[in-house]
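Chain by chain, the residues:
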Amino acid sequence: MAGLRRIPLYDVHKSLGAQFGEFAGWEAPINYTSVIEEHVAVRTSVGFFDLSHMGRLFLAGPDAIRVLDRLVPRDISSEEGMMVGPTAFLNERAGFRDDVMTYNLGSEGWLVVPNAANIEKIYAWLEGWIGRLNAQARVEDHTMDWVLFAIQGPKAAELMRMLGAPSEVLDLRILRFRRNVELEAAGARALIVSRSGWTGEDGFEVIAEAGEGEKILRKAAELLPKLEGRLCGLGARDSLRMEMGFVLYGHEIDEDTTPVEARYWWVFQPGPKEECVGCPALREALRRGASRVRVGLKLGKKARVVPRQGDKVYVEDVEVGYVTSGAYSPMLRRSLAQAYIEPSHALMGMTVEVERRGRRYKAKIVDFPVVQPSSRPPA
């Protein structure tokens, strides 16, 4: 796959049996066994993902919080050791530059995790605003020398215990993290271990230097069969987020989509700030209302098709929207999709038709999540 970037532990994943594919300019594991097996493992036991195609940008310096505060629409005041997000960087029209997760590192600064397709764009965005604000801050890109793992599922805490995580990590509440964590059973040190549930299930994220990450990955691969868990690729990540109704940049959100249309309230809860890039346009979007609304679509079990981005949605012979992404749900044994629908037809429970390759398939408009997770991170 010429021209693609490889995640730092590419060779290790290859030795563990990963099947690779292209995602957002990266060559990354798509699956190890089957997407369905890996998906079910996350919902019923535990899955281990390498998400190192996502960015790790360190915004350092005494003015780091001033820069970040200007660029996100929600209040980021928080204690050291807390994650703030998901939130977003918006353009002046309130479109998504990216949705990001941020980590409050106290006096050292902030860690910003952007999407794979936007690492260079967000790096330049941060650097540009440091200059515009004349801020005492700098951006460091650690994407290639730090790895990012996600451990997700009802047995996520059990796998962390088996890796040797101390009690203060196992007792983390949602959106909290610890730094410089010794994972004794793996013989490795993590820079950050955080707790969140981006699959809807309980989960942890582990950020480590690449050499330490290799030890963690190999130990996890050894331990997972004892829990009936799986190493997981990006195929299962996509189907898991579809069941929860989580967005993907370049599909559900982009520079021309606002958080109001996307119903992505988390990025500015409890409300947009008075001053940030895009905040005036965001408040205007709230006053004006949406000309399209993101919804879920659930196809019938007999529909042997997965909707894809750009497929049109109809009511009778009237085009009312379009699909942004779709996936097969192993838990429901049917295909799901996300779509933008005109507000006049965005009615939960309403039957519509999705046109795929010249054929139409019935689907029901549903809200998110479409599947209820079996575990939750502790609040």
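Refer to the preceding data block for the structure.
First things first, this report covers the structure right here in the doc.

### What to know about the overall build of the protein chain
(1) Moving on: In terms of helices and strands, the protein chain carries 10 helices and 20 strands.
(2) Moving on: Each principal axis of the C-alpha distribution contributes one length, and for the protein chain these read about 60 × 50 × 45 Å.
(3) Moving on: Going through the 379 residues of the protein chain one by one, you find that 58% of them count as buried.
(4) Moving on: A total accessible area of about 15,700 Å² is found for the protein chain, and carbon and sulfur atoms account for 48% of it.
(5) Moving on: Taken as two groups, the 50 positive and 51 negative side-chain charges of the protein chain have centres that lie 5 Å from each other.

### With respect to the environment of Leu-9
(1) Moving on: Within the secondary structure, Leu-9 sits in the loop between β1 (5–6) and α1 (10–15).
(2) Moving on: On the basis of relative accessible area, Leu-9 is assigned to the buried category, the value being 4%.

### Details of the nonpolar core
(1) Moving on: In this structure, Phe-48, Phe-89, Tyr-103 and Met-160 are the most contacted members of the largest nonpolar core, which totals 87 residues.
(2) Moving on: Apart from residues no more than four positions distant in its own chain, Phe-89 is found in contact with Leu-68, Leu-71, Val-72, Gly-95, Phe-96, Arg-97, Asp-98, Val-100, Val-112, Ile-122, Trp-125 and Leu-126.
(3) Moving on: Val-315, Val-323, Ala-346 and Ile-365 belong to the second largest nonpolar core, which has 19 residues in total.

### A short note on helix α8 (residues 234–244)
(1) Moving on: Here α8 lies mainly inside the structure; 10 of its 11 residues are buried.
(2) Moving on: Here α8 has its buried residues at Leu-234, Gly-235, Ala-236, Arg-237, Ser-239, Leu-240, Arg-241, Met-242, Glu-243 and Met-244.
(3) Moving on: Packed against the buried residues of α8 are β2 (19–23), β3 (26–31), α2 (35–44), β4 (47–50), β17 (318–329) and β18 (334–341).
(4) Moving on: Within two residues after α8, Gly-245 carries a phi angle of roughly 80°, on the positive side.

### Remarks on the environment of Ala-188
(1) Moving on: Here Ala-188 lies in strand β12 (residues 188–195).
(2) Moving on: For Ala-188 and Glu-209, which are 21 residues apart along the polypeptide, the C-alpha to C-alpha distance reads 9.7 Å.
(3) Moving on: When sequence neighbours within four positions are dropped, the list of residues in contact with Ala-188 reads Val-181, Glu-182, Leu-183, Glu-212, Lys-215 and Ile-216.

### Some words on unusual backbone geometry
(1) Moving on: Following Gly-85, the chain continues into Pro-86 via a peptide bond in cis, with omega recorded as 5°.
(2) Moving on: Mapping Pro-86 onto the fold places it in strand β6 (residues 83–90).
(3) Moving on: Of note in this structure, Leu-175 is not a glycine but carries a positive phi near 65°.
(4) Moving on: Locating Leu-175 in the fold gives a position in the loop between α6 (167–170) and β11 (177–183).
(5) Moving on: Among the residues examined, Leu-175 registers a relative accessible area of 24% and is labelled partly exposed.
(6) Moving on: Located in the positive-phi region is Arg-263, a residue other than glycine, with phi close to 55°.
(7) Moving on: Residue placement: Arg-263 occurs in the loop between α9 (259–262) and α10 (279–288).
(8) Moving on: Taking relative accessible area as the criterion, Arg-263 reaches 22% and is therefore assigned partly exposed.

### Focus: the pairing of strand β20 (residues 359–366)
(1) Moving on: Looking at chain direction, strand β15 (residues 293–299) and β20 are connected through four bridges and run antiparallel. Of the residues in β20, the one forming a bridge with Gly-296 is Val-366.
(2) Moving on: Here six bridges tie strand β19 (residues 351–356) to β20, and the two strands are oriented antiparallel to one another. Paired with Glu-355 across the two strands is Arg-360, which belongs to β20.
(3) Moving on: Between the antiparallel neighbours β19 and β20 lie two residues, among them Arg-357 with a positive phi of about 50°.

### A few points about the sheet that holds β6
(1) Moving on: Strand order in this open sheet of five strands is β6-β7-β8-β5-β9, and the pairing throughout is antiparallel. The open sheet has two free edges, formed respectively by β6 and β9 (138–141), since each of these has just one partner strand. Neighbour to neighbour, the strand axes of the sheet diverge by 30° on average, direction disregarded.
(2) Moving on: Against the sheet, helix α3 (residues 64–71) makes contact with β5 (57–60), β6, β7 (96–104) and β8 (109–113), and its axis sits at roughly 40° relative to β8, the strand it touches most.
(3) Moving on: Along the sheet, helix α4 (residues 119–132) makes contact with β5, β6, β7 and β9, crossing β9 at roughly 165°.

### Observations regarding the environment of Arg-359
(1) Moving on: With respect to the helices, strands and loops of the structure, Arg-359 is situated in strand β20.
(2) Moving on: When the C-alpha positions of Arg-359 and Thr-44 are compared, they lie 35 Å apart, and in sequence the two are 315 residues distant.

### Examining the packing of aromatic side chains
(1) Moving on: Evaluated as defined, the whole model comprises 10 aromatic pairs.
(2) Moving on: Taken together, a centroid distance of 6.0 Å and an interplanar angle of 35° make the contact between Tyr-322 and Tyr-340 tilted. Remark: Tyr-340 occurs in strand β18 and Tyr-322 occurs in strand β17; sequence separation between them is 18 residues.
(3) Moving on: A residue is classified by how much of its surface remains accessible, and Tyr-322, at 31% relative accessible area, is partly exposed.
(4) Moving on: According to the relative accessible area criterion, Tyr-340 is buried, its value standing at 2%.
(5) Moving on: Its guanidinium or amino end placed over the ring of Trp-129, Arg-132 lies 3.9 Å from that ring's centre, counting from NZ or CZ.
(6) Moving on: If you follow Arg-237 out to its NZ or CZ, it ends over the ring of Trp-198, 5.6 Å from the centre.

What counts as what
- Residues numbered from 1 in each chain as written.
- Predicted model: local features only at pLDDT ≥ 70, side-chain atom pairs only at ≥ 80, totals over all residues.
- Heavy atoms only, no water.
- Helix = DSSP H or I, 4+ residues; strand = E, 2+ residues; numbered from the N terminus.
- Buried < 20%, exposed > 50% of the residue type's maximum accessible area, 1.4 Å probe, protein only.
- Areas by Shrake-Rupley, 256 points an atom, 1.4 Å probe, with all protein chains shown as cover.
- Lys, Arg positive; Asp, Glu negative; His and termini not counted.
- Charge placed at Lys NZ, Arg CZ, Asp CG, Glu CD.
- Core = buried A, V, L, I, M, F, W, Y, C linked by side-chain atoms within 4.5 Å.
- Contact = heavy atoms within 4.5 Å.
- Pairing = 2+ DSSP bridges.
- Axes fitted to C-alpha atoms, helices over the stretch in contact; angles between N-to-C directions.
- Phe/Tyr/Trp six-rings, centres within 6.5 Å; stacked < 30°, edge-to-face > 60°.
- Lys NZ or Arg CZ within 6 Å of the ring centre and 35° of its normal.

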